[in-house]
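Residue strings, one per chain:
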Amino acid sequence: MSAEATESRSEPGIRLVAGPELTMLEVRKEDAVREFASDHQVEFKLNLGLNRLATNVLGVELSVQITNLPGVTLAVAYRSVIEIDNPPVDPDALASALKQVGGRVAPSLMYPFIREALVSSLLRAQLPAFVPPIVNFANVFDLATLAVPEARQAGT
């Protein structure tokens, strides 16, 4: 085996263990709602939840809530479980890798599913189409302040 192949094996990698999986879909509308003004400002809220399942395994839930639509409540959440293969030994490097996975990789993976669920739910509810914006997660969640929980201990 070449030195180059050996080096690439020791690099951390990411493996999707489970998901993306729909965990919540809420659509409520008043009967009178049929259309929205074309210039209506919609509020779009992203929420991120992290759960450390093992030293190198992170459960991530991304939820989106659409507010300020007259007569409509709309919320969607997806979750995934992601593992870092060949995790860094250094605790600071591991924490940094987990933050990157939780704050950038997982949301980027789940968000297209959320967009599709939002759009198709509006259509099934016979509401005007609202397509959520494309989001670049590079600057959405501040990795410096993102809290990654401690790994669970065996038996807890």
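Above this note sits the structure.
For the structure given in this document, a descriptive report is provided here. (Residues numbered from 1 in each chain as written. Predicted model: local features only at pLDDT ≥ 70, side-chain atom pairs only at ≥ 80, totals over all residues. Heavy atoms only, no water.)

**Description of the pattern of salt bridges**
Piece 1. One pass over the structure, following the stated rule, counts three salt bridges.
Piece 2. Among the ionic pairs, Glu-83 bridges to Arg-15, the shortest N-O distance being 2.4 Å. One end of the pair, Glu-83, is in strand β4 (residues 72-85); the other, Arg-15, is in strand β1 (residues 13-29), with 68 residues separating them in the sequence.
Piece 3. Taking the relative accessible area as the measure of exposure, Glu-83 reaches 15% and is therefore buried.
Piece 4. Among the ionic pairs, Arg-79 bridges to Glu-21, the shortest N-O distance being 2.8 Å. Placement of the pair is Arg-79 in strand β4 and Glu-21 in strand β1, with a sequence separation of 58 residues.
Piece 5. Arg-79 sits in the partly exposed class, given a relative accessible area of 41%.
Piece 6. Given a relative accessible area of 37%, Glu-21 falls into the partly exposed group. (Salt bridge = Lys/Arg side-chain N within 4 Å of Asp/Glu carboxyl O. Helix = DSSP H or I, 4+ residues; strand = E, 2+ residues; numbered from the N terminus. Buried < 20%, exposed > 50% of the residue type's maximum accessible area, 1.4 Å probe, protein only.)

**Focus: helix α2 (residues 91-124)**
Piece 1. Here α2 contains 34 residues, and its C-alpha end-to-end distance of 47 Å stays within 8% of the 50 Å for a straight helix at 1.5 Å per residue.
Piece 2. The largest bend in α2 amounts to roughly 40° and is located at Pro-107.
Piece 3. One or two residues past the end of α2 sits Gln-126, with phi positive at roughly 60°. (Expected span 1.5 Å × (residues − 1). Bend = angle between axes of the 7 residues up to and from the residue.)

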